[in-house]
Amino acid sequence: MKLIRCIYLLIIPIGILFYYPGCGKQQVITLESLLDEMVSVEKLSCFPDPYYTCHQESSYDRRSVSPDDPTWFANDDGFGIIRIDTIGERFEKVMFDETGPGVITRIWITTIDKRGTWRFYFDGSTQPGWTIPAYDLMKMDVPGIGRGLLQPHTSYEPEGKGGNTLFLPIPYTKGCKITFEDEPGINPTPKYYGINFRKYPKNTDIETFSAEVLKRAEKRIAEVDNLLLDPVLAKSGEILTESKSLSASDSLILELPKGENAVYEVKFNIDTQNSVQFDQLMREIIFCASFDGKQTVWVPLSDFSGGGMGAPYVKSWYLDSDGKGNITSRWLMPYKEEGILKLINISSLPIDVRMETNISPLKWDKHSLYFHSSWRQETGIPIYRYNEPDKCIDWNFATIEGRGIYKGDLLSLFNHAPRWYGEGDEKIWVDNDTFPSHFGTGTEDYYNSSWAPVVPFYTPFGGAPRADLESSHGYNAFFRTRNLDGIPFKEKFKFDIEMMGWERGHADYATTIYWYGDYDSQAIGTSGEEEARRKLVPAPENPKDYKIANSIEFETMEITEKSPSLKVENQGMTDFQGGKWSRATQLLGKEGKIGDYIEFRFNNLEERKYKIIVYATHAVDYGIITFKVNDKPTHVSFDGYDRNVIPSKPIELGSFIPLSGEIKLRIEITGTNKQSQGEKYMFGLDCLQLIPF
């Protein structure tokens, strides 16, 4: 074991010169002061003064009125609004309408048709103070803003579906109303939204958002945006480093300097010497922290990192991880008198660990809070379909008793269901709420994305560190940290989430929460060593790795000829669980009619016989296709109808000799099954075997 002490001197960039020194009361709240607060780890760790409450207005299904009502789990979340205002000849959907001083801290939106107009009305004015010419925040004109404060979702298409999330604070003195008007003559489509905001006491001095304020703050917006994307420490400090080879049940302990101080950064380096068991070992290294004699942190390091099961790559404002055992935490951890950081090896294998901290003096006052982080795991949680609201349940994500401020969370899970698990809305109850002050529209929406994405992504405020399979089967992780949208509470905080998906099944959830609280505040229902030692479930096989031997994928073949009216496209098949498709993709034919065809040619073949075997797909809206080889009928007919989407058995067309080294294959629509529904003449082609003999 070794202990290294030194003084760490930083070159402080321009963006840090406006950090708050501590928890002092803000006299006038302006756009600039809010931007300062966004990059002040000190201010964001304090109980607010003046005290404000946090809320969310969203498009949740308004049939949800009470946990005792059967419509509590209603899921038509794209049409919830407050009312419709008629202004002249305009019909404006009111999505947000608050009176009194406040600040909008986050706007999340998505839709399938962006045409229309956003309008923001401030302080009771009948004229909009800000207009955006689409249901698309990427279309707004804010000088200096970049991907730190405004992020398109992974599904975003500038002229198609998809959405974005805005973190630029929007303050107002007397009130704010936000409306959206669909483009005249266009049928309205679902407009999903979630608007987080602070409500301040009546006489709080706040400067209202305006074009003039935006122009004045342009430089500050750019500085904060850049800093959120590339965070650095706010202060020079004392560096403490300790390393050790941990045997089973051993600990590395780092004692912090006495007195009023704060941990500004912790770096972890884990060398497991066993890459095969890396995922399990990172779950069995526990990070603990105690301040002033009380333990406030107990979390598996894989989950504390923001990555969850497997400890994958993470990049965000508070947490970074390289996915190889190197983790950086920038959570501020203040204390009055003493502190201890600890790593515990609860595995049966030796592990080399290193921990480095950056510590600076920080005055403790009545608004100061301790950093807390806890972990909870439960397996076998049932998932019900979104159209089975009578069966759905709320699962308790987190419950905290005492005073504090909620700062974020990680949802790390194994989805045993075959398809998307995350239709469920979050419901957050604060203090004496009689209805959730935060009622969302879907799990991925809460985590700043949309349209059931199963792809990794990273932003300053979290992302999706793990997304193994397109179907969402297997391991997934979502991560969100809260900045200005942190939620203060005086007595109690309760976070539930609906267990709702596209198919029935079950899931194993592990949740990590990050929060600040008083000495006696505590999280309820946390998990310990028994759950941390639970063996991780093996990751399922990726459907894309499955390939029919010696086959040629139809979706990769060149189409040499086809009917003009027939449309073809590549279709991923990972959502369908009726079997396996080669490379999990097929060629889909649609909008066809009897007589339409598609043709392929195989060249440079030897003058010998070839057996041709086709693999296709059955579905409820598929028709009947026949096959010609070298312009001659094979007399093989394939009926694609089935109530389920399933791969076909091998379709043997026969044996054929190339003509001048070429075989031509034509596939033609010749009918449909009387039970076929919908389009009725669609077809799906998976792959083909061309076997010489």
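Relevant structure appears above.
Only a predicted model underlies this, so the values are computations on that prediction, with no experimental measurement involved.

For a regular strand, the rule is simple: side chains alternate between the two faces of the sheet. Alignment of strand S25 (residues 394-401) against strand S33 (residues 492-498), held across seven bridges, turns out to be antiparallel. Bridge pairing in S33 places Asp394 opposite Glu498. The pairing of S25 with strand S36 (residues 522-524) spans three bridges and is antiparallel. Note on S36: the bridge partner recorded for Thr399 is Ile524.

Attention shifts here to the sheet that holds strand S41 (residues 597-602). The sheet built from five strands is open, its strands ordered S38-S41-S47-S43-S44 with antiparallel pairing. Every interior strand has two partners, whereas the edge strands, strand S38 (561-562) and strand S44 (632-639), have only one. Both strand S43 (residues 623-629) and strand S47 (residues 663-672) contribute to a ladder of seven bridges, which runs antiparallel. Each residue of the ladder has a partner; that of Gly623, found in S47, is Thr672.

Our next topic: the packing of aromatic side chains. Inspection of the entire model under this criterion finds 47 aromatic pairs. Ring geometry for Tyr60 versus Phe435: centroids 6.0 Å apart, planes at 35°, classification tilted. You can see Tyr60 sitting in the loop between strand S2 (53-58) and strand S3 (83-87) and its partner Phe435 sitting in the loop between strand S27 (426-430) and strand S28 (438-439), a full 375 residues away along the chain. Judged by its relative accessible area of 25%, Phe435 is partly exposed. Taking the centre distance of 5.4 Å and the plane angle of 90° together, the rings of Trp395 and Tyr509 count as edge-to-face.

Next up on the list: the pattern of salt bridges. If you walk through the whole model with that rule in mind, you get 49 salt bridges. Here Glu37 and Arg198 are joined by a salt bridge, their closest N and O atoms 2.9 Å apart. Highlighted residues: Glu37 in helix H1 (residues 31-38) and Arg198 in strand S12 (residues 191-199), separated in sequence by 161 residues. On the basis of relative accessibility, which here comes to 9%, the residue Glu37 falls in the buried class. Of the residues examined, Arg198 reaches a relative accessible area of 1% and is grouped as buried. Note that Glu498 is salt-bridged to Lys427, the shortest N-O span being 2.8 Å. Remark: Lys427 occurs in strand S27 and Glu498 occurs in strand S33; sequence separation between them is 71 residues. Salt bridges sharing common partners tie together Glu561, Glu599, Arg601, Glu662 and Arg666.

Here strand S35 (residues 505-517) lies mainly inside the structure; eleven of its 13 residues are buried. Taken together, the twelve bridges between strand S24 (residues 370-385) and S35 define a ladder with antiparallel strand orientation. Pairing of Pro382 across the sheet is with His506, part of S35. Both strand S26 (residues 404-415) and S35 contribute to a ladder of eleven bridges, which runs antiparallel. Bridge pairing in S35 places Leu410 opposite Thr512.

Rules behind the numbers
- Residues numbered from 1 in each chain as written.
- Predicted model: local features only at pLDDT ≥ 70, side-chain atom pairs only at ≥ 80, totals over all residues.
- Heavy atoms only, no water.
- Pairing = 2+ DSSP bridges.
- Helix = DSSP H or I, 4+ residues; strand = E, 2+ residues; numbered from the N terminus.
- Phe/Tyr/Trp six-rings, centres within 6.5 Å; stacked < 30°, edge-to-face > 60°.
- Buried < 20%, exposed > 50% of the residue type's maximum accessible area, 1.4 Å probe, protein only.
- Salt bridge = Lys/Arg side-chain N within 4 Å of Asp/Glu carboxyl O.

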